[in-house]
Amino acid sequence: ALLAGPGCAQQPGMSWKQAPHPRLFLNHQRIAQLRAGLQTTYAPMWVAIEKQADAVAAKHPPAYSSGTDLSGEEQWWEMNVGSSLPYLALAYKITGKKVYLDAAKEWTLASCSYPHWGTGSRDGGDLSAGFMLNGVSVVFDWLYDDLDSETRSTLRRTLIQRGRLMYQQRGKEYWRDDYLQNHLWVALAGLAASASALADDGEVRGEAAAWMAECLRSFRRTEALLGPDGASHEGLTYWTLGLDGLLRFWALAGDLTGENVTSKWWANTGYYRLYLGLPH
């Protein structure tokens, strides 16, 4: 098993597939398919992705601020930083343009340098940390062979430290048993991404297995509780935020553990969004 090692707390039936970098959401074959479809199937999506990557690359990452402003302890601005990182990494993998690689390094190293991902009771264990873990994991995984050793080491060290913190905090946060809560979905999707990025790391692969097993346990519980109508008791806005975490987790789980969704909720949740949309 990919994550076999000391401290490995896999659940019965959970196994890890051997996979080199990149393995989070994409692999070499998938990247080649994306490149081949830039002028056809993926043309509209690529226009939007490239525009976003260009907008991020054109500016420097924000300096760390401990001010809470309207976002309180959640530090929403860090969520924006974390969600920007995959755009830069994907733009580089598709085009090979150095400007995207340089920007990905600058923004990700800035993310790693922030002393806190969220503050107060949310430090390292809520939405900002979830988005940051996902973003740093994606850059580490997708650009693994393109990063210099010092940058790669910094990202690895950050994923280990912040992954451990998220794993610890998950038992303390208010959402720890709220399996239909968007904060749980986003936070643990980030933890699962860091576990997957470190899957072949001999030093911490046992810990990474325990992280993934805990995420799988929680999301299995979520699957059992989701209603068959596809609706969300949190409303459309939080459904949108939470669904992002759910989709990211199950994409990772499906690719790397063979575990997939089981709830009938998935067949109808798209209709839930359509029914709540305003006609044009």
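The shown structure was predicted, so the numbers you read here are calculated from the model rather than taken from an experiment. (Residues numbered from 1 in each chain as written. Predicted model: local features only at pLDDT ≥ 70, side-chain atom pairs only at ≥ 80, totals over all residues. Heavy atoms only, no water.)

Draft legend 1. Up close: the overall build of the chain. Tallying secondary structure elements over the chain gives 10 helices and zero strands in all. Moving toward the C terminus, one meets the helices and strands of the chain in the order α-α-α-α-α-α-α-α-α-α. Principal axes of the C-alpha set define a box for the chain whose edges measure 55 × 45 × 45 Å. For the chain, with 280 residues in total, the buried portion stands at 52%. Counting only contacts in the chain whose residues sit at least 6 apart along the sequence, the fraction spanning at least 24 positions is 77%. Put simply, the chain shows about 12,800 Å² of open surface, and 54% of that area lies on carbon and sulfur atoms. (Helix = DSSP H or I, 4+ residues; strand = E, 2+ residues; numbered from the N terminus. Buried < 20%, exposed > 50% of the residue type's maximum accessible area, 1.4 Å probe, protein only. Contact = heavy atoms within 4.5 Å. Areas by Shrake-Rupley, 256 points an atom, 1.4 Å probe, with all protein chains shown as cover.)

Draft legend 2. Inspection of unusual backbone geometry at higher detail. Residues H21 and P22 are joined by a peptide bond in cis, for which omega reads -5°. By the secondary structure assignment, P22 is in the segment before α1 (28-36). One non-glycine residue, F25, lies in positive phi territory at about 70°. Note on placement: F25 falls in the segment before α1. For F25, a relative accessible area of 25% corresponds to the partly exposed category. A positive phi angle is found at Q75, which is not glycine, with a value near 50°. One can find Q75 in the loop between α2 (43-57) and α3 (76-95).

Draft legend 3. Representation of the pattern of salt bridges. Taken as a whole and assessed by the stated rule, the structure comprises 13 salt bridges. Note that E74 is salt-bridged to R122, the shortest N-O span being 3.1 Å. With a gap of 48 residues between them, E74 in the loop between α2 and α3 and R122 in the loop between α4 (98-113) and α5 (127-142) connect regions that are remote in the sequence. Take E74 and R122: they sit in the same class, and that class is buried. The shortest N-O distance in the salt bridge between D244 and R248 comes to 3.0 Å. (Salt bridge = Lys/Arg side-chain N within 4 Å of Asp/Glu carboxyl O.)

Draft legend 4. Spatial organisation of the nonpolar core. Ranked by internal contacts, the top residues of the largest apolar core, which has 75 residues, are W142, L143, F219 and F249. Counting residues per element, this core draws most heavily on helix α7 (residues 182-197), which supplies 10 residues. If we skip the residues at most four places from it in the chain, L143 touches A89, Y92, K93, L101, A104 and V138. Of all hydrophobic cores here, the second largest spans five residues; its members include M79, L127, V186 and L241. (Core = buried A, V, L, I, M, F, W, Y, C linked by side-chain atoms within 4.5 Å.)

Draft legend 5. Structural view of the packing of α4 against α5. One can describe the packing of α4 onto α5 by two numbers: an axis separation of 10 Å at closest approach and a directional angle of 135°. Judged by the inter-axis angle, α4 sits oblique to α5. In this structure, α4 crosses over α5, and the sense of that crossing is left-handed. Between α4, through T108, S111 and C112, and α5, the contact on the second element is made entirely by M132, V136 and V139. Here the residues of the contact of α4 with α5 are counted per class, giving four nonpolar, two polar and no charged. (Axes fitted to C-alpha atoms, helices over the stretch in contact; angles between N-to-C directions. Parallel < 35°, antiparallel > 145°, perpendicular 65-115°, else oblique. Left-handed = near helix turned anticlockwise from the far one by under 90°. Nonpolar A, V, L, I, M, F, W, Y, C, P; charged D, E, K, R; others polar.)

Draft legend 6. Examining the environment of F25 more closely. Each C-alpha atom of the pair F25 and R248 lies 8.1 Å from the other, and the pair is 223 residues apart in sequence. If sequence neighbours within four positions are ignored, F25 has contacts with N134, V138, W142, R248, A251, L252 and D255.

Draft legend 7. Expanded view of the confidence of the model for the chain. Taken residue by residue, the chain gives an average pLDDT of 92. The fraction at 70 or more is 93%. Within the model, pLDDT remains below 50 along residues 1-12, and this stretch shows 35 contacts once partners closer than five positions in the same chain are excluded. (pLDDT = per-residue confidence, 0-100.)

Draft legend 8. How the structure looks around a nonpolar patch on the surface. Where nonpolar side chains cluster on the molecular surface, the patch consists of Y271, L274 and Y275 and spans about 420 Å² of accessible area. You can see Y275 is positioned in helix α10 (residues 265-275). Classification of Y275 as exposed rests on a relative accessible area of 68%. (Patch = residues over 30% accessible without salt bridge, like charges linked within 9 Å, V, L, I, M, F, W, Y side chains within 5 Å.)

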